[in-house]
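# A structural walkthrough
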Amino acid sequence: MNLISIKVMKYIYLSSLVIALSAFLFMGCDNADYKAQGNSLYIADAAGTAKAATITMDGGADINVTVRLAQKLAEDVEVEIGFAPEIIAGYNENNGTEYEALPAEQLPQDATVTIPAGEISANFQLHIDDFATNGITYAVPLALGNVLKGNVTKSAAQGRFIYVLSKPLNVSVPVMKPRGSENVQTDPETDWGVSVETYTLETWVRMSNLNKNNQAIFNVRANNEVYVRFGDANRPYNYLQVKAHGDGGTETARDWNTNQWYHLAIVYNGSELIIYRDGVRVAGKQVPAPKGGMVINGLQMISSSSTYFPAECGMSQVRFWSYARSEAEIQNNMFFEVNPKNPNLIGLWPLDEGEGNTFRDATGQNRDMTAGDGLIRRWEHNVRFDKK
């Protein structure tokens, strides 16, 4: 056999091999979606960038969970779906949240999800009845369990996900306007003696008038005063100013609107005083630490007399913290209650009594506030800040 014949025979052999291999691959295309090799089960919500999903609990909540396969199978796939409360601690630490696992008695037992043969996914719905949260934000940490049917494994990275149950604030709020020199304050005869290096003061606030300077909404009674007001000497007065530790003042832009609810957070981190509006930083300034430290002894609200305070001021959810809250913490808790048992709270005044002139300190530290006679002009009810 000559060299040319050998080459021709090799070409024919290789061509036949390529054709056979192509035919094999082509025939396999019809069943490509049904392969078990490299397949896995996962929770669809966990496949994206989000680490948790928020479900609004308004008269109850329905959590719709989609369990998916990477590839279809020609057989049913059944997997357990259970709960993994241990993953919440790590999430809280990384995201500045304070979620707690929903009590086990409120969750179904022995739940499973079945993906029918030839299908790529199946849905599981978990209903949660409405309940009083008492300031706690609960979460449902779901996780895929044992695969009961089907030749497939569950994904370790995407087999668990957290669903946060959010119950937005729906509260009564006082609308206040001084007739004379009335204000709201804690007991002026009792000093708290709370020593801090950093702090955060939060509230929801709405002003009907921003055409007058020195409308003070907060005055922190301390060895180094913190004074919060709308407007200083220069017009227009539709800006917020915070004077702290003897500093001349940290100011926002002149862009506040009347008759609009804003969430306000004033944060001192040990070197800088920062103002957040609706969870977004809008001002910041280097402010020296108080000489001799900061000792907080009380709190006063609506601190200007009627001469300087023509606005009707609505306020709600006053929170005083003994540390600098992060932007994530502020954003995550604006629209919801916070746990009154949090040890970092100097005081918590929901201002949601709906009547009377005493505002309770929900922390139980007996730092209640009292409004002067006639200061509260009226109460507004069923206020939802998430729908402002």
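Data block above holds the structure.
Sequence order as written defines residue numbering, which begins from 1 separately in each chain. For this predicted model, a pLDDT threshold of at least 70 governs which residues receive local features, and a threshold of 80 or more governs which side-chain atom pairs are given and counted, while totals over whole chains, interfaces and linings are taken from all residues. Calculation of side-chain values draws on the structure's entire complement of heavy atoms; hydrogens and water are dropped beforehand.

Across its full length, the chain carries 3 helices and 27 strands. A principal-axis box enclosing the C-alpha atoms of the chain has dimensions of 115 × 55 × 40 Å. Any two residues having at least one pair of non-hydrogen atoms within 4.5 Å are treated as being in contact. Pairs at least 24 residues apart make up 73% of the contacts formed inside the chain by residues separated by at least 6 positions. Across the chain, the 33 positively charged side chains and the 43 negatively charged ones have centroids separated by 8 Å. Comment: elements are numbered from the N terminus, with helices defined as DSSP H or I runs of at least four residues and strands as E runs of at least two. Positive residues here are Lys and Arg, negative ones are Asp and Glu, while His and the chain termini are left out of the count. Charged side chains are reduced to one point each, which is NZ for Lys, CZ for Arg, CG for Asp and CD for Glu.

Turning to the pattern of salt bridges, a few remarks are in order. Any Lys or Arg side-chain nitrogen found within 4 Å of a carboxyl oxygen on Asp or Glu counts as a salt bridge. Applying the stated criterion across every chain, the model contains 16 salt bridges. Across the pair Arg 281 and Glu 272 runs a salt bridge, and its minimum N-O distance is 2.5 Å. Three labels apply to residues, based on accessible area from a 1.4 Å probe with only protein chains included: buried if under 20% of the type maximum, exposed if over 50%, partly exposed otherwise in between. Judged by relative accessible area, Glu 272 falls into the buried class, the value being 14%. A network of salt bridges, in which partner residues are shared, links Glu 98, Glu 202, Arg 325 and Glu 329.

Let's shift gears to the sheet that holds strand E7 (residues 121–128). Pairing between strands is defined by DSSP: at least two bridges between the two strands are required. The mixed open sheet is built from 4 strands, whose spatial order is E7-E3-E1-E9. Bordering the open sheet on either side are E7 and strand E9 (153–154), each of which pairs with just one other strand. Inspection of the sheet shows strand E1 (residues 40–43) paired to strand E3 (residues 61–69) by 3 bridges, in the antiparallel sense. By the bridge assignment, Leu 41 is partnered in E3 with Leu 69.

A separate point is helix H2 (residues 86–95). An α-helix turns once per 3.6 residues; consequently, residues spaced three or four apart project the same way. Along H2, the residues that are buried comprise Ile 87, Ile 88, Tyr 91 and Asn 92. All buried residues of H2 fall inside an arc of 135° around its axis, so they share one side. Along H2, exposed side chains directed more than 90 degrees from the buried face belong to Glu 86, Ala 89, Glu 93 and Asn 94. Buried residues along H2 sit in contact with strand E2 (52–56), strand E5 (100–101), strand E8 (138–149) and strand E10 (160–166). Taking the helix axis as origin, the arc is that swept by the directions to the C-beta atoms.

Let us look at the nonpolar core. Ile 217 and Met 315 are the most contacted members of the largest nonpolar core, which totals 48 residues. With near-sequence residues (within four places) excluded, Met 315 lies in contact with Val 173, Pro 174, Met 176, Thr 203, Trp 204, Val 205, Ile 217, Phe 218, Trp 261, Met 301, Ile 302 and Leu 351. Remark: nonpolar core denotes a set of buried residues (Ala, Val, Leu, Ile, Met, Phe, Trp, Tyr, Cys) joined through side-chain atoms within 4.5 Å. Counting 33 residues, the second-largest nonpolar core is a separate cluster that includes Ile 63, Val 67, Val 152 and Phe 161.

Moving on: the packing of aromatic side chains. Any two of the Phe, Tyr and Trp rings considered here, Trp counted by its six-membered ring, make a pair once their centres fall within 6.5 Å; the pair's planes then place it as stacked at under 30 degrees, edge-to-face at over 60, or tilted in between. Following the criterion strictly, the structure yields 13 aromatic pairs and no others. Relative to Phe 336, the ring of Phe 335 has its centre 6.5 Å away and its plane inclined at 85°; by these criteria the two rings are edge-to-face. On the basis of relative accessible area, Phe 335 is assigned to the partly exposed category, the value being 23%. Exposure remark for Phe 336: the relative accessible area of 15% places this residue in the buried category. One aromatic cluster is present, built from ring pairs that chain together Trp 204, Trp 261, Phe 335, Phe 336 and Phe 385. Arg 325 extends its terminal NZ or CZ atom over the ring of Trp 321, reaching a point 3.8 Å from the ring centre. The rule for a charge over a ring is simple: NZ of Lys or CZ of Arg within 6 Å of the ring centre, and within 35 degrees of the ring normal.

This part is about the environment of Asp 368. Counting through the fold element by element, Asp 368 comes out in the loop between strand E25 (358–359) and strand E26 (369–371). Asp 368 sits in the partly exposed class, given a relative accessible area of 35%. Between the C-alpha atoms of Asp 368 and Leu 299, which are 69 residues apart in sequence, the distance is 9.9 Å. Among residues more than four places away in sequence, those in contact with Asp 368 are Gln 185, Thr 186, Asp 187, Trp 349, Thr 358, Phe 359, Arg 360 and Asp 361. Under this definition, polar contacts are N or O atom pairs within 3.5 Å; protein pairs additionally need one hydrogen-donor-capable and one acceptor-capable atom, and for neighbouring residues in sequence, both atoms have to be side-chain atoms. Reaching out from Asp 368, the side chain makes a polar contact with the backbone nitrogen of Asp 361 at a distance of 2.7 Å.

Now for the environment of Thr 200. Residue position: Thr 200 is located in strand E14 (residues 199–207). In this structure the C-alpha to C-alpha distance between Thr 200 and Asn 183, which are 17 residues apart in sequence, comes to 22 Å. Setting aside residues up to four positions removed in sequence, Thr 200 forms contacts with Ile 266, Val 267, Arg 319, Phe 320, Trp 321, Tyr 323, Ala 324 and Arg 325. Within the structure, the side chain of Thr 200 is placed 2.7 Å from the backbone oxygen of Tyr 323, a separation counted as a polar contact. Of note is the side chain of Thr 200, whose polar atom sits 2.8 Å from the backbone nitrogen of Arg 325.

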